[in-house]
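Chain residues, written in single-letter form:
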Amino acid sequence: NESKLKKVKVKSLVGGGGIGGSALFRYLAEEGMQPVMFNYGRGASWRNIAGGRPNFSLPELSHIAENNLQIFKDLQDVGNIDFRNINYVTFAHDESMYNALEASMAWSDAYMIEPKDFKKKVSPHMNPNLDTYLSALVTKNCWQATPGRVIDLIRRIGLEKGGKIYEDCKMDDIRKEGERYFVLVQDHEKQYIEFETEHFVNALGPQGDK
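Note that the coordinates shown come from a computational prediction; the quantities given were computed from them, not determined experimentally. (Residues numbered from 1 in each chain as written. Predicted model: local features only at pLDDT ≥ 70, side-chain atom pairs only at ≥ 80, totals over all residues. Heavy atoms only, no water.)

**Student:** I'd like a rundown of the pattern of salt bridges, residues and numbers included.
**Tutor:** Inspection of the entire model under this criterion finds eight salt bridges. The partner of Glu196 in a salt bridge is Arg180, with the nearest N and O atoms 2.6 Å apart. Within this pair, whereas Glu196 is found in strand β11 (residues 192–197), its partner Arg180 is found in strand β10 (residues 180–186), the two being separated by 16 residues in sequence. The exposure class assigned to Glu196 is buried, which follows from its relative accessible area of 15%. (Salt bridge = Lys/Arg side-chain N within 4 Å of Asp/Glu carboxyl O. Helix = DSSP H or I, 4+ residues; strand = E, 2+ residues; numbered from the N terminus. Buried < 20%, exposed > 50% of the residue type's maximum accessible area, 1.4 Å probe, protein only.)

See the structure below:
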């Protein structure tokens, strides 16, 4: 019913409140873009995205990871996200993997260990007779944090900087007219809101392509 449709104009709109959407919500708010973010459920990133390691196959990705590490350190200074530095172990199960890990040492703070040292340097509970892996790479300067705490904190920063969040809201449709987006969202009361904005971010994760 068009007469019952609530229409809202916003400066910027973020669809999806996982780690990507919440981070962009924060940064848009800090830039004075007064973002609105709508979110439905908890999403995949609530369960597993709150940490990282720099031993990727490309140095460019490693560089991004190093900058991400600084972001997490800075967040810990703002509020507790259970940040801590860790060592990350990657096992080489064949020659190709071994060569890739060895190459990554050129842009990582890492070292290789032989199977005979797994029990001493990885875990005392490892089977000393294990012959599955050729070697393992131990990468320093990695980190962990609690996903929920991270997302809660960056959302709070966004709210404090002028953002607004709509929880339990499903996106039903989107269209673009000229330079403006029209996004149809169903809120937690099953009422429809049509957001109009020049800046729309699709951070819907697994639902993003749909």
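**Student:** Explain the environment of Tyr181 to me, using residue names and the numbers behind them.
**Tutor:** Within the secondary structure layout, Tyr181 lies in strand β10. Each C-alpha atom of the pair Tyr181 and Leu13 lies 9.3 Å from the other, and the pair is 168 residues apart in sequence. Excluding residues within four positions of it along the chain, Tyr181 makes contact with Ile174, Arg175, Lys176, Phe195, Glu196, Thr197, Glu198 and Phe200. (Contact = heavy atoms within 4.5 Å.)

**Student:** How would you explain a nonpolar patch on the surface if you had to name every residue and give the values?
**Tutor:** A cluster of nonpolar side chains, namely Leu24, Tyr27 and Ile71, defines an oily patch on the protein surface of about 220 Å² accessible area. Along the polypeptide, Leu24 turns up in helix α1 (residues 19–30). (Patch = residues over 30% accessible without salt bridge, like charges linked within 9 Å, V, L, I, M, F, W, Y side chains within 5 Å. Areas by Shrake-Rupley, 256 points an atom, 1.4 Å probe, with all protein chains shown as cover.)

**Student:** I'd like a description of the nonpolar core, backed by residues and values.
**Tutor:** Core analysis: the largest hydrophobic core is formed by 14 residues, its most contacted members being Phe72, Leu75, Ile81, Phe83 and Val150. Among the secondary structure elements, those contributing two or more residues to this core are α1, α3 (59–78) and α6 (147–160). Among the elements that make up this core, the one with the highest residue count is α6 (five residues). Counting 12 residues, the second-largest nonpolar core is a separate cluster that includes Val8, Val183, Val185 and Ile193. (Core = buried A, V, L, I, M, F, W, Y, C linked by side-chain atoms within 4.5 Å.)

**Student:** I'd like a description of the pairing of strand β3 (residues 35–38), backed by residues and values.
**Tutor:** On β3, burial covers both faces: Pro35 and Met37 on one face and Val36 and Phe38 on the other are all buried. Each parallel crossover has a hand, and the one from strand β2 (residues 12–15) via α1 to β3 is right-handed. Pairing analysis gives three bridges linking β3 to strand β8 (residues 164–166), with the strands arranged parallel. Pairing of Met37 across the sheet is with Ile165, part of β8. (Right-handed = clockwise from strand over helix to strand, strands pointing away. Pairing = 2+ DSSP bridges.)

**Student:** A description of unusual backbone geometry should follow, citing residues and the corresponding values.
**Tutor:** Located in the positive-phi region is Gln34, a residue other than glycine, with phi close to 45 degrees. Residue Gln34 is classed as partly exposed on the basis of its relative accessible area, which comes to 49%. Positive phi outside glycine occurs at Lys190, with the angle close to 65 degrees. Tracing the chain through its elements places Lys190 in the loop between β10 and β11.

**Student:** Residues and numbers for the packing of aromatic side chains, please.
**Tutor:** One pass over the structure, following the stated rule, counts five aromatic pairs. Taken together, a centroid distance of 6.0 Å and an interplanar angle of 45 degrees make the contact between Tyr181 and Phe200 tilted. You can see Tyr181 sitting in strand β10 and its partner Phe200 sitting in strand β12 (residues 200–202), a full 19 residues away along the chain. By relative accessible area, Phe200 is classed as buried at 17%. Taken together, the ring pairs in this structure connect Phe91, Phe118 and Tyr133 into an aromatic cluster. Stacked on the ring of Phe182, the Lys or Arg Arg175 has its end atom at 4.4 Å from the ring centre. (Phe/Tyr/Trp six-rings, centres within 6.5 Å; stacked < 30°, edge-to-face > 60°. Lys NZ or Arg CZ within 6 Å of the ring centre and 35° of its normal.)

**Student:** Give a detailed account of the side chain of Ser12, specifying residues and quantitative values.
**Tutor:** Mapped onto the elements of the fold, Ser12 is located in strand β2. Given the relative accessible area of 1%, Ser12 is considered buried. Among residues more than four places away in sequence, those in contact with Ser12 are Leu28, Met33, Gln34, Pro35, Val36, Thr197 and His199.

**Student:** Help me get a handle on the sheet that holds β8, residues and values and all.
**Tutor:** The sheet built from four strands is open, its strands ordered β8-β3-β2-β12 with parallel pairing. Single-partner strands in this sheet number two, and they are β8 and β12. With strand direction ignored, the average angle separating the axes of adjacent strands in the sheet is 15 degrees. Bridging between β2 and β3 involves four bridges; their strand directions are parallel. Residue pairing across strands places Leu13 opposite Val36, the latter belonging to β3. Strands β2, β3, β8 and β12 of the sheet are contacted by α1, whose axis makes an angle of about 165 degrees with β3. (Axes fitted to C-alpha atoms, helices over the stretch in contact; angles between N-to-C directions.)

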